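Given next are the chains, with one letter for each unit.
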Amino acid sequence: MQCFSIGIEEQNINDIVFEMIQKQNLDDIKIEKNEQPAMAFIDCYPVCHLSNHDLCVRLSNAVVDAIIDDIQWQIAERIVEKEYFYFDRNDRNRILEDTKSKWTPSGAHWKGIIWGRVYDHLSHNTNLIIDGFIRFRLKDFLKELENTIDRAVDDLLIEKEYNEFIKLLRYFVEIQEPKVEEVHVLLGGDKKYTLLDSGYREINNDILEDMAKEISDKDISYDDLLISSLITIAPNKIVIHDSNKIKNTELLNTINNVFSGKVEMKN
């Protein structure tokens, strides 16, 4: 009866793997914990004539489930704590949560790959040290996890920059006297926006005309022109007509954020 040993450095991971092996089938596998000074081992023996192949399959299932369900998130947390310690606790928690949401499809993809590597190892060895296995046999897995964390950090930084930008635009609006009390925004068939006052007369002042001329000479979109025009006018009320036809939802969100409580959307 051949014994397979699964070695783990951390006690909490030891418990996780032990539970995963227990779930495989207690009647077919005898499990014993073997505590060592620097590492704990889980010794597994096949019983009831369970073949070594079937035991390798069961152990591979247990190890992969432990890696995908728990260990990878402990690794991600260590990476965030080490590499991004300068973020506050709330931001680090957000990075981890965003990483989990981005990583889910990749984790499902990696499950089969990791299973094959674990099974291959157990087919040729009776010992598996999980920490070393991850470190040396799953370098590509760790690299992709690190890249996912980096993307989560980038998204957080972009969001912070956007929020600061919105605060600045909101400040510009607040310190200005409204040039027009109410502005109606209409989207034309040419994707250009028309601005009307409360009497539905087109707004054409010198500032807007100068802005339009400047835009025509630069690579600036009509959406940017609309935002700039509204900030220049600083109205107390904005009515956006046929808002459902405006595909740029980020534009609508920006207008709502800058002119908080002053925007009405009409479909």
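Summary of the structure given here. (Residues numbered from 1 in each chain as written. Predicted model: local features only at pLDDT ≥ 70, side-chain atom pairs only at ≥ 80, totals over all residues. Heavy atoms only, no water.)

Among the secondary structure elements, Glu-182 is positioned in strand β5 (residues 182-187). Buried within the structure, Glu-182 lacks any salt-bridge partner; its nearest side chain of opposite charge belongs to Lys-237, at an N-O separation of 4.4 Å. Among the polar contacts listed, one links the side chain of Glu-182 to the side chain of His-184, at a separation of 2.7 Å. Residues contacting Glu-182, with those up to four places away along its chain left out, are Leu-196, Asp-197, Ser-198 and Lys-237. (Helix = DSSP H or I, 4+ residues; strand = E, 2+ residues; numbered from the N terminus. Buried < 20%, exposed > 50% of the residue type's maximum accessible area, 1.4 Å probe, protein only. Lys, Arg positive; Asp, Glu negative; His and termini not counted. Salt bridge = Lys/Arg side-chain N within 4 Å of Asp/Glu carboxyl O. Polar contact = N/O pair within 3.5 Å; in protein donor to acceptor, adjacent residues only side chain to side chain. Contact = heavy atoms within 4.5 Å.)

Moving on, we get to the state of the cysteines. When the sulfur atoms of two cysteines share a covalent bond, that bond is a disulfide. One pass over the full model with this rule turns up zero disulfides. Cys-44 takes part in no disulfide bond, and the closest cysteine sulfur to it belongs to Cys-3, at a distance of 7.0 Å. Exposure remark for Cys-44: the relative accessible area of 0% places this residue in the buried category. The structure places no disulfide on Cys-56, whose sulfur is separated from the nearest cysteine sulfur, that of Cys-44, by 11 Å. (Disulfide = S-S within 2.5 Å.)

Turning our eyes to something else, we now look at the packing of aromatic side chains. One pass over the full model with this rule turns up eight aromatic pairs. Judged by centre distance (6.1 Å) and plane angle (70 degrees), the rings of Tyr-84 and Tyr-86 are edge-to-face. By relative accessible area, Tyr-84 is classed as buried at 12%. For Tyr-86, a relative accessible area of 55% corresponds to the exposed category. Pairing Tyr-84 with Phe-87 gives two aromatic rings, centres 6.2 Å apart and planes at 50 degrees, and the pair type is tilted. By the burial criterion, Tyr-84 is buried, and Phe-87 matches it. Taken together, the ring pairs in this structure connect Tyr-84, Phe-85, Tyr-86 and Phe-87 into an aromatic cluster. (Phe/Tyr/Trp six-rings, centres within 6.5 Å; stacked < 30°, edge-to-face > 60°.)

Turning next to the pairing of strand β7 (residues 237-241). Counting buried residues along β7, four of its five residues qualify, which places the element largely inside the surrounding structure. Of the strand pairs in this sheet, β5 and β7 are connected by four bridges, and their pairing is parallel. Among the inter-strand pairings, Glu-182 is bridged to a residue of β7, identified as Lys-237. Inspection of the sheet shows β7 paired to strand β8 (residues 263-266) by four bridges, in the parallel sense. Across the sheet, residue His-241 finds its bridge partner in β8, namely Lys-266. For the handedness criterion, the β-α-β arrangement of β7, helix α8 (residues 249-258) and β8 is classed as right-handed. (Pairing = 2+ DSSP bridges. Right-handed = clockwise from strand over helix to strand, strands pointing away.)

These figures capture arrangement, not role.
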